[in-house]
2 protein chains.
Amino acid sequence: SGLVLLIQGLGLTAVILVAVWMGHFQGGFAWQEDPAKEFNYHPVFMVIGMIFLYADAILAYRVFRNINKLYIKVVHGGIQLGALIFAGVGLKAVFDSHNLVEEPIPNLYSLHSWIGLLTVILFGLQWVCGFVAFLFPKVGFAGRTIYMPHHVFWGLAIFGLACCAALTGITEKALFSNGKNGFSYSKLPSEGIVINCLGLSIVCLAAVVFYVVTK
Amino acid sequence: SGLVLLIQGLGLTAVILVAVWMGHFQGGFAWQEDPAKEFNYHPVFMVIGMIFLYADAILAYRVFRNINKLYIKVVHGGIQLGALIFAGVGLKAVFDSHNLVEEPIPNLYSLHSWIGLLTVILFGLQWVCGFVAFLFPKVGFAGRTIYMPHHVFWGLAIFGLACCAALTGITEKALFSNGKNGFSYSKLPSEGIVINCLGLSIVCLAAVVFYVVTK
Ligand code: HEM
Ligand code: HEM
Ligand code: HEM
Ligand code: HEM
Ligand SMILES: O=C1O[C@H]([C@@H](O)CO)C(O)=C1O
């Protein structure tokens, strides 16, 4: 339906905006040979995994309505696994960027990092619970029926948490970059517009996902 | 029920933590005679209005179950009006703190300020729509029934938006204060713990409010 397309559009917009921010304005990407640029993979991979793929996996049940149920389950669970892998690489990138520099930066001090780590841990648990409950033959129909509303509630709650992690992360990176390399946030140059539109696209995406799932 | 008490506890915790942060660690409060300290009213009033009172108003329908319906409506709408007034004073405080200093700070450049302004505008519109639909005798039963699900969806969506505004605002203020007056966020001193716990209390409050309303 139109709303599914809207969600695709907003998710793609977010991925493109975060890639432009990091790739163009923040100097591009590198791996461990240049930890400062390795950081730039963090926002991109987290948005691809915890926002774009996460939203798509939730939608799988709305898009493939009349298809084999097992097939949809594998698509839904498979995309969620992909999301978890992107998140893992994105976390590796930010921890490296703190640990591999001359004067290491402490880990896990910020509100963003607390919300972010909580998000990924709960997401991993939800994946294991979803896999065991819906793909293991041993769990009977009754068990699945009892677990289902919890699976849906936590699936949405963790998605909301992921959006909060992204918004606080965007705000952090915007202020860390402020005053460096000629970027002045309060003058709202094009980089600032990209930053704010990235945040708004995630806010709108979250609103539409909640609407589609709860209606 | 227990969940209602939990929401009260989390809301009060957030109000106390933000008051301790601004009142104790950030030097206390003043009005226009000292615009830097006038800023400190902004976080406190926004959390009281857009988090604590907003959550309480939503709960009014869960707490007063067997009471006169008109009475609950007046309580619900009245608390929401109180929330809007606190938000208005909180916005006045932050705009003053930008405009009344020697070198004025631009307004409305940050992602936080965009999300925040959007929140308050939508909240004001929702208040007018709720008032017209539910307290004006002219709107018949049919109109109310059609509007109700939209009122509930938007009421929750705007609450989610308010929480995102608060979390990005907290992140901004934490980084603006970083390195000033001996505060080093990455060493996680007691001020940093207060900041992160304030954010987590808002995250938990949001999760419980969504659970109570959607279950
Ligand atoms: C949406 C999912 C996201 C999650 C789950 C997440 C998670 C995390 C975690 C766990 C850390 C701590 C790393 C450490 O302590 O070494 C971190 C750090 C960081 N993240 Fe993210 N992140 C996300 C998105 C973003 C985005 C979109 C941005 C920026 C555009 C961002 C910017 C940062 C920055 C600047 C740091 C380093 C400062 C700090 O530790 O707070 N994050 N993130
Ligand atoms: C192998 C792993 C998983 C399986 C087999 C699975 C299975 C399911 C099933 C059967 C539904 C019901 C959809 C419906 O009838 O509307 C569902 C819904 C949902 N799942 Fe999963 N799930 C898995 C993993 C995950 C993970 C890891 C998450 C998120 C962290 C997640 C989030 C959701 C959400 C948000 C919904 C609600 C979708 C809707 O109602 O449209 N699932 N899942
Ligand atoms: C929850 C509801 C909140 C809303 C709706 C909100 C709204 C706003 C708005 C509209 C502005 C722009 C003012 C201007 O441009 O002159 C602003 C600025 C600001 N707010 Fe908030 N705020 C909220 C909560 C918070 C909290 C809890 C904090 C900090 C703990 C905070 C910190 C700031 C800071 C540092 C600024 C100035 C920098 C900027 O313009 O982004 N806000 N807020
Ligand atoms: C004079 C103004 C208002 C009136 C008369 C009013 C009336 C109502 C009514 C009749 C309900 C149905 C509750 C139920 O049956 O569960 C309701 C629910 C709700 N209202 Fe309002 N409302 C007003 C203003 C607002 C405002 C300003 C907001 C938020 C911005 C808001 C947010 C909500 C929410 C989130 C719910 C769902 C509560 C629940 O299901 O527990 N309302 N309101
Ligand atoms: O990943 C990063 O770490 C630093 C910051 O943590 C410094 O405290 C910074 O600017 C990044 O982009």
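Anything mentioned here points back to the structure above.
Here goes a summary of the coordinates provided. (Residues numbered from 1 in each chain as written. Chains lettered and ligands numbered in written order. Predicted model: local features only at pLDDT ≥ 70, side-chain atom pairs only at ≥ 80, totals over all residues. Heavy atoms only, no water.)

1. Observations concerning the relation of the copies chain B and chain A
Stage number 1. Between chain B and chain A, the superposition needs a rotation of 180 degrees and an axial shift of 0.0 Å, giving an RMSD of 0.0 Å. Look at the turn and shift together and you get a two-fold axis relating the two. No C-alpha of chain B approaches the rotation axis more nearly than that of Thr168 of chain B, which lies at 2.6 Å. (Least-squares fit on C-alpha atoms with pLDDT ≥ 70 in both.)

2. With respect to the coordination of the iron atom of ligand 4
Residues and elements named next belong to chain B.
Stage number 1. The iron atom of ligand 4 binds to the protein through His76 (NE2) and His151 (NE2), with metal-donor distances spanning 2.0 Å.
Stage number 2. In this structure, the iron atom of ligand 4 is surrounded by six donor atoms whose angles at the metal cover 85 to 178 degrees, and the resulting shape is octahedral. With a gap of 75 residues between them, His76 in helix α4 (residues 69–99) and His151 in helix α6 (residues 141–177) connect regions that are remote in the sequence.
Stage number 3. Since its relative accessible area comes to 14%, His76 is described here as buried. (Donors = N, O, S within 2.8 Å, 3.2 Å for Na, K, Ca; no water. Tetrahedral: all angles 85-135°; square planar, octahedral: opposite > 155°, others 65-115°. Helix = DSSP H or I, 4+ residues; strand = E, 2+ residues; numbered from the N terminus. Buried < 20%, exposed > 50% of the residue type's maximum accessible area, 1.4 Å probe, protein only.)

3. Some remarks on the site of ligand 3
Residue and element names in this part refer to chain B.
Stage number 1. Around ligand 3, the structure places 27 residues, and the nearest of them are His42, Asn107, Leu108, Ser110 and His112.
Stage number 2. A distance of 3.0 Å is found between an oxygen atom of ligand 3 and a side-chain nitrogen or oxygen belonging to His98.
Stage number 3. Backbone polar atom of Leu108 to an oxygen atom of ligand 3: 2.6 Å apart, as the coordinates give it.
Stage number 4. Secondary structure elements with two or more residues in the shell around ligand 3: α3 (41–63), α4, α5 (111–135) and α6.
Stage number 5. Looking at which element gives the most residues to the shell around ligand 3, the answer is α6, with eight residues.
Stage number 6. For the shell around ligand 3, a count of residues per class yields 17 nonpolar, eight polar and two charged. (Near = heavy atom within 4 Å. Polar contact = N/O pair within 3.5 Å; in protein donor to acceptor, adjacent residues only side chain to side chain. Nonpolar A, V, L, I, M, F, W, Y, C, P; charged D, E, K, R; others polar.)

4. What about the coordination of the iron atom of ligand 3?
Reference values for coordination geometry: four tetrahedral donors around a metal ideally subtend 109.5 degrees, six octahedral donors ideally subtend 90 or 180 degrees.
Residue and element names in this part refer to chain B.
Stage number 1. Of the protein atoms, only His42 (NE2) and His112 (NE2) coordinate the iron atom of ligand 3, at distances of 2.0 Å.
Stage number 2. Angles of 86 to 179 degrees at the metal separate the six donor atoms of the iron atom of ligand 3, which places the site in the octahedral class. Separated by 70 residues along the polypeptide, His42 in helix α3 and His112 in helix α5 bring together distant segments of the chain.

5. Looking at the interface of chain B and chain A
Stage number 1. Counting residues at the interface gives 26 residues for chain B and 27 residues for chain A.
Stage number 2. Taken together, both faces of the contact between chain B and chain A bury some 2,800 Å²; the carbon and sulfur share is 84%.
Stage number 3. Taken as a group, Tyr109, Leu111 and Trp114 of chain B account for 23% of the area that chain B buries against chain A, more than any other trio of residues on that side.
Stage number 4. For the interface between chain B and chain A, the tally reads zero salt bridges. (Contact = heavy atoms within 4.5 Å. Buried area = accessible area lost by both parts, 1.4 Å probe. Salt bridge = Lys/Arg side-chain N within 4 Å of Asp/Glu carboxyl O.)

6. With respect to the layout of surface pockets
Stage number 1. Roughly 1,500 Å³ of volume is contained in the largest pocket.
Stage number 2. Lining of the largest pocket is provided by 50 residues; of these, Leu156, Phe210 and Thr214 of chain A together with Leu156 and Phe210 of chain B occupy positions nearest its centre.
Stage number 3. Of all elements in the fold, only α5 (111–135), α6 (141–177) and α7 (190–214) of chain A together with α5, α6 and α7 (190–214) of chain B reach the threshold of two or more residues within the lining of the largest pocket.
Stage number 4. Element by element, the count of residues in the lining of the largest pocket is highest for α6 of chain B, at 13 residues.
Stage number 5. When the residues that make up the lining of the largest pocket are grouped by side-chain class, the tally is 42 nonpolar, six polar and two charged. (1 Å grid on protein atoms, 1.4 Å probe; cavity = no way out; pocket = protein on both sides within 12 Å on 5 of 7 lines; lining within 4 Å. Points joined across faces, edges and corners; volume = space filled by probe spheres on them.)

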